[in-house]
Amino acid sequence: MSSFVTEVLSISGKLEKEDLSGKISKMSRRVEDTKEEVYDMISKRYGDFLPGLQGSEELMVQVDEVAKEMDSLKNCIETEVQENIHVAVAEYTKLKHQLEKNTVIMTILGHLKEFHNAMEQYSKALKEKKYVDAANQLERARVSVDSLKGWKTSQLPLLTALHSELVVQRENLIYCLTDEWKRLVIWKLPSSKEPPGLKSLLKVELNLTRVGSKDGEPGPPPVLQSVLQALAIQGDLPHKLKLFSQVLLKNMLKPLVIHPSLSVHVTEQQEEGTTLALQCLEETQEERSTPSEVYSKLLLVLKTLHSHLLDVSIGDRSLSAIMGELIWEEISQCIIHECLLYSIPANSSQLETYNTVIKETEVFEKSLKEMKYLQVDSTDLLQYARNVNCHFASKKCKDVIVAARKLMTSKMHNTVKVTPESQLRLPKLPAPASEAKVKQEKDHVRMENAKQLSAGSLSLPACRISESVQQLMELALNTLCEAVGSSTQCALQLFFTVRNIFQLFHDVVPTYHKENLLKFPHLAAVQHNNCMYLAHHLLTLGHYFRSHLPQPLNEGVATFVDLVPGFRKLGAQCFLAQLNIQRAELLERLSTAHNFCNLDDEDNYIAASKAVRQIIHQLKQLGKVWQDVLPVSIYCKAMGNLLNTAITEVIAKIMLLEDISSEDSEHLHTLCQTLIEEGPLVFVPLAEEHKNKRYQEEVPLYVKKWGTFKELVIVLRANLQEIVDRWADGKGPLALEFSSSELKNLIRALFQNTERRAVALTKIK
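In this text the structure is predicted, and so the values were computed from the model without any measurement.

Novice: Give me the lowdown on the side chain of Glu711, citing residues and values where you can.
Specialist: Tracing the sequence through the fold places Glu711 in helix 27 (residues 706-717). Taking the relative accessible area as the measure of exposure, Glu711 reaches 8% and is therefore buried. Those residues in contact with Glu711 that lie beyond four places of it in its chain are Arg726, Pro733, Leu734, Glu737 and Phe738.

The structure is reproduced here in structure tokens:
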């Protein structure tokens, strides 16, 4: 009995004689049968690897016929049945589900067919070396497998077999393409066991063969183009180009930038192709290549690669653009750090000639853009070349600091003489307009000051300084001259570099030369003079250049005056430390004199006499070391301080004696007389310094205890009456040097307890 839907549709005359339900059932059976046969065939072909080409073709025809019947039946249902769907909803839904299931199965079978056809065409194209077609067919097969993965009804074992086959064939294709690439692009490189250097680089060679090219045909060979396009389709081209670019950079491009004696030789032969080989030019004395040399060598390599390898379009991009992205950043940084950095001028006068380098850089980048290696307008390379002022300042500052540090760590004992007439070799600077207006007023002020001050006012006294410090001052002057007329940023960098030089001197020299400054009195004196010399010139250095510098330096920022107290303190501390060492040595020598006791004993007298002679010898040696180095006033003060230390210690030891025999008194007088006679000799001037004799002969001016010592020597040989007379009721010369108690103790030690001594003591009040 037919269903209700069938009867309704039969009455309406819209259905064929055959029952629709029966048709769908038959169709379902045919679909299932076809599915089983297709699965079985595909499994055998790609899973079990059994031959069945003829059966598979018949099955593909059968699949097409079933698909056509399915489409016809589907159209019938959509046009005939839907008009009466409100009558047969339940049965129609059931039929529709059955049809959808069959449709899904047919879609899967269609993907299997697509996969099979793609793999067949892939194998054929690969045998014929049609690599682009092979890559496209393999991509079709991959899409079919990816589509099958989206259907949950797909059989997992069959899908695994198809995926494995796809992977194997892709690896096979990549292998073939790589083999072709190695045949067309051949690198000859030095052995990894060879030491890196110019000799090993001469073995580098790149050969671009022209297999398959027609005579006179421009551009890369067709085989190479198809290989590159196939690699791009399979997504392996970026990796291949990256490896090639790394070898190119390491073995050819960078060495051409770094080594000025290297060049590249290009040989083109019709049969063998094009060869790029590194060769060595004649020995050059230059340590670095000029930018023009580097650009010409690099362009030769890149133009050759573009003509014979990279002039291929991959999609909407050229291969040279892809290669440019891989190599540009690294090669541009290499050019900057190995070439442009060293081409920066050392003097501001050469900056104008650097425009040639900027133009050469622009032409270089323009050529790269024409070959599509570069896509952007502004690059780090061109920006670096154009910012020459900043780089000049940075390079100049770096060179200045290096030179200054070298001077500071050089030996200090090489000295030069400076006199009040010595002047810095200051450059002639143009007078600013503002100064020209008040020039006459300033000249008038100078004339007035000249009437009031002596010629030597505010002059540096004659002394010796380190030659390196004089050179350091000249370096600072030259650097400030470079800042004059420079841009604001450049002037600021150069000015503060000069400040850094002096701050570096303040910090480095005392630390670096610390041991020698304590060990050698000569170096301590030289360092004292060095600091005072720098402090003297720092007072006016900023003022001389300030009006010629750009803002804000010309508004008062350009000054070195704040550094002056630090340098003066540094010089004073260094010399005082040496004076303390010398004082300690003097006191150490006097400690061997047995406190000047019992000098009638021969051993004691010899020890005391030796100590005195050592003191005189030490002072004379210091005189020889310091006299031509220190300014006269500083020298006299230093020697007077040391001599005063010695005689003060001698006075103190004698005053502590409680009993001085007549023999002891005589010996003490002899020793003290030696100091009085030979001590002032350390103040005797050099032959060329007789004009300073007046200062050097005024020993009491520099030796505070000199008068006391002379009075003590007189007392050691005087009688009681003479002592009382020199006391003169507290108004004589003795009273100026000794207190009454000190003189009484000295009298008690020198004279026996007699009535005459008692009378004398009563007069000492």
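Here the narrative resumes, following the displayed structure.
Novice: Residues and numbers for the pattern of salt bridges, please.
Specialist: Going through the model one piece at a time under the given rule, you end up with 14 salt bridges. Residue Glu180 is joined to Arg183 by a salt bridge in which the shortest nitrogen-to-oxygen separation is 2.4 Å. Of the two residues, Glu180 and Arg183 both sit in helix 6 (residues 156-184), 3 residues apart, roughly one turn of that helix. Lys417 is paired through a salt bridge with Asp628; the nearest N and O atoms lie 3.2 Å apart. Of this pair, Lys417 sits in strand 7 (residues 415-418) while Asp628 sits in the loop between helix 22 (602-626) and helix 23 (632-655); the two residues are 211 residues apart in sequence, bridging distant segments of the chain. For Asp628, a relative accessible area of 24% corresponds to the partly exposed category. One continuous salt-bridge network, built from bridges that share partners, spans Lys417, Arg464 and Asp628.

Novice: With reference to specific residues and values, describe the environment of Ala230.
Specialist: For Ala230, the position within the fold is in helix 8 (residues 222-233). When sequence neighbours within four positions are dropped, the list of residues in contact with Ala230 reads Tyr131, Val132, Ala135 and Leu177.

Novice: An account of unusual backbone geometry is needed here, citing residue identities and associated values.
Specialist: Of note, Asn595 is a non-glycine position whose phi angle comes to about 60°, a positive value. Within the element layout of this structure, Asn595 appears in the loop between helix 21 (564-590) and helix 22. Positive phi outside glycine occurs at Phe596, with the angle close to 60°. Note that Phe596 resides in the loop between helix 21 and helix 22. Residue classification places Phe596 among the buried residues on the basis of a relative accessible area of 2%.

Novice: Kindly report on a negative patch on the surface, identifying the contributing residues and their values.
Specialist: The grouping of Asp600, Asp601, Glu602, Asp603 and Glu663 at the surface amounts to a negative patch. Note that Glu602 resides in helix 22.

Novice: Account for empty space enclosed by the protein, naming residues and giving values.
Specialist: For the structure on display, the rule yields 5 cavities of 30 Å³ or more. Leu253, Leu298, Leu302, Gly324, Ile327, Trp328, Ile331, Ile335, Phe364, Leu368 and Tyr373 together form the lining of the largest cavity. Elements that contribute at least two residues to the lining of the largest cavity include exactly helix 10 (291-310), helix 11 (319-343) and helix 12 (355-370). The leading source of residues in the lining of the largest cavity is helix 11, at 5 residues. Of the residues assigned to the lining of the largest cavity, the class counts are 10 nonpolar, 1 polar and no charged.

Novice: Describe helix 8, naming the residues involved and giving the relevant values.
Specialist: Because an α-helix packs 3.6 residues into every turn, residues spaced three or four apart end up facing the same way. Helix length check: helix 8, at 12 residues, gives a terminal C-alpha distance of 16 Å against a target of 16 Å (1.5 Å per residue), a fit within 8%. Gly235, located one to two residues past helix 8, shows a positive phi value of around 75°.

Novice: Let's hear about the packing of helix 22 against helix 23: which residues, and what values?
Specialist: How two helices sit against one another is set out by the angle between their axes and by the gap between those axes. The N-to-C vectors of helix 22 and helix 23 enclose an angle of 170°; their axes lie 11 Å apart at closest approach. The angle between helix 22 and helix 23 falls in the class roughly antiparallel. Along the contact surface, helix 22 presents Ile615, Leu619, Leu622, Gly623 and Trp626, while helix 23 presents Tyr635, Ala638, Met639, Leu642, Leu643 and Ala646. Among the residues forming the contact of helix 22 with helix 23, the class breakdown is 10 nonpolar, 1 polar and no charged.

Novice: How would you explain the confidence of the model for the protein chain if you had to name every residue and give the values?
Specialist: A residue-level look at the protein chain finds 84% of positions with pLDDT of 70 or above and a mean pLDDT of 81. For the protein chain, helix 15 (residues 433-437) is the element with the lowest average pLDDT, namely 45, and helix 21 is the one with the highest, namely 94. Within the model, the stretch residues 1-5 combines pLDDT values under 50 with 6 contacts to residues more than four positions away or in other chains. The model gives residues 433-441 a pLDDT under 50, and that stretch makes 1 contact with residues more than four places away or in other chains.

Novice: I'd love a proper account of the nonpolar core, names of residues and values included.
Specialist: Ranked by internal contacts, the top residues of the largest apolar core, which has 147 residues, are Leu112, Leu305, Ile335, Leu340 and Phe502. Considering every element that reaches this core, the biggest residue donor is helix 4 (residues 89-127), with 13 residues. Other than its neighbours up to four places away in sequence, Leu112 contacts Val38, Tyr39, Ile42, Leu148, Leu158 and Leu162.

How each quantity is defined
- Residues numbered from 1 in each chain as written.
- Predicted model: local features only at pLDDT ≥ 70, side-chain atom pairs only at ≥ 80, totals over all residues.
- Heavy atoms only, no water.
- Helix = DSSP H or I, 4+ residues; strand = E, 2+ residues; numbered from the N terminus.
- Buried < 20%, exposed > 50% of the residue type's maximum accessible area, 1.4 Å probe, protein only.
- Contact = heavy atoms within 4.5 Å.
- Salt bridge = Lys/Arg side-chain N within 4 Å of Asp/Glu carboxyl O.
- Patch = residues over 30% accessible without salt bridge, like charges linked within 9 Å, V, L, I, M, F, W, Y side chains within 5 Å.
- Areas by Shrake-Rupley, 256 points an atom, 1.4 Å probe, with all protein chains shown as cover.
- Lys, Arg positive; Asp, Glu negative; His and termini not counted.
- Charge placed at Lys NZ, Arg CZ, Asp CG, Glu CD.
- 1 Å grid on protein atoms, 1.4 Å probe; cavity = no way out; pocket = protein on both sides within 12 Å on 5 of 7 lines; lining within 4 Å.
- Points joined across faces, edges and corners; volume = space filled by probe spheres on them.
- Nonpolar A, V, L, I, M, F, W, Y, C, P; charged D, E, K, R; others polar.
- Expected span 1.5 Å × (residues − 1).
- Axes fitted to C-alpha atoms, helices over the stretch in contact; angles between N-to-C directions.
- Parallel < 35°, antiparallel > 145°, perpendicular 65-115°, else oblique.
- pLDDT = per-residue confidence, 0-100.
- Core = buried A, V, L, I, M, F, W, Y, C linked by side-chain atoms within 4.5 Å.

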